[in-house]
Amino acid sequence: MAEELLTDDEIDTALAALQGWRRDGDALSKDVPVTPDSHEWLSEAVMNEADVLDHHPDIESTDSGIRFRLSTHSAGGVTARDVELAARIDQVLEGGARDRATPS
C-alpha cells in the first residue's frame, strides 16, 4: 500500500508542532548546529530511530553542523512517516530517544 502525501495544510500543521523544521521543496528539513566531534554520535542515534520506522533521512554536514532532510521518495514528497521521523529526531536532540547511541 502506497503512502499518501500530506496536503499543504497538513504539512503546515505538522510544522507548527515541530520546532525548527521547515518545508524544503518536497521535503522537511532541519539544520542542527553541532560540533564536529558530535556529528558521528548524532547521526548514529538518528539512524537508530530511523531503523525503527524503516524510513531513513538524508543527513549532510554543513558548515555549522548537520542538516536532516526527510521525504518519502516512493510517494514523491512528505508523508506522515516523515513527520513521525522528524518528531523522533527531535527526541534524540532532546536526549529522550529510546535507542539512543551513547559515546564509548
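Note that this is a predicted model, so its numbers are computed, not measured.

A short note on the side chain of K30
Here is step 1 of the chain: Tracing the sequence through the fold places K30 in strand β2 (residues 27-33).
Here is step 2 of the chain: At 2.7 Å, the side chain of K30 and the side chain of D90 are in polar contact.
Here is step 3 of the chain: Ignoring anything within four residues of it in the chain, the contact list for K30 reads Q19, G20, W21, R22, I66, R67, F68, D90 and L93.

So, unusual backbone geometry
Here is step 1 of the chain: One non-glycine residue, D54, adopts positive backbone phi at about 50°.
Here is step 2 of the chain: For D54, a relative accessible area of 57% puts it in the exposed group.

With respect to the pairing of β2
Here is step 1 of the chain: When you tally the buried positions in β2, you get five out of seven residues, the bulk of the element.
Here is step 2 of the chain: The sheet contact formed by strand β1 (residues 22-24) and β2 spans three bridges and is antiparallel. Paired with R22 across the bridge in β2 is S29.
Here is step 3 of the chain: Inspection of the sheet shows β2 paired to strand β4 (residues 65-70) by six bridges, in the antiparallel sense. Each residue of the ladder has a partner; that of S29, found in β4, is R69.

Structural notes on the sheet that holds β2
Within a sheet, each strand pairs with its neighbour through backbone hydrogen bonds, oriented either parallel or antiparallel.
Here is step 1 of the chain: Pairing is antiparallel across the open sheet formed by four strands, whose spatial order is β1-β2-β4-β3. Only two strands of the sheet have a single partner each, and these edge strands are β1 and β3 (58-61). Averaged over neighbouring strand pairs, the angle between their axes works out to 30° when direction is ignored.

Here we look at the confidence of the model for the protein
Here is step 1 of the chain: When pLDDT is averaged across the protein, the result is 90; 89% of the residues are at 70 or more.
Here is step 2 of the chain: In the predicted structure, residues 98-104 sits below a pLDDT of 50 and forms 17 contacts with residues beyond four places in sequence or in another chain.

As for helix α3 (residues 80-93)
Here is step 1 of the chain: In this model α3 runs 20 Å from its N-terminal to its C-terminal C-alpha over 14 residues, within 8% of the 20 Å that 1.5 Å per residue would give.
Here is step 2 of the chain: Of all the positions in α3, only D82, V83, L85, A86, R88, I89, D90 and V92 are classed as buried.
Here is step 3 of the chain: Looking at the buried side of α3, the elements it contacts are α1 (8-17), β2, α2 (36-53) and β4.
Here is step 4 of the chain: Looking one or two residues past α3, G95 carries a phi angle of roughly 85°, positive in sign.

About the thresholds
Residues numbered from 1 in each chain as written. Predicted model: local features only at pLDDT ≥ 70, side-chain atom pairs only at ≥ 80, totals over all residues. Heavy atoms only, no water. Helix = DSSP H or I, 4+ residues; strand = E, 2+ residues; numbered from the N terminus. Polar contact = N/O pair within 3.5 Å; in protein donor to acceptor, adjacent residues only side chain to side chain. Contact = heavy atoms within 4.5 Å. Buried < 20%, exposed > 50% of the residue type's maximum accessible area, 1.4 Å probe, protein only. Pairing = 2+ DSSP bridges. Axes fitted to C-alpha atoms, helices over the stretch in contact; angles between N-to-C directions. pLDDT = per-residue confidence, 0-100. Expected span 1.5 Å × (residues − 1).

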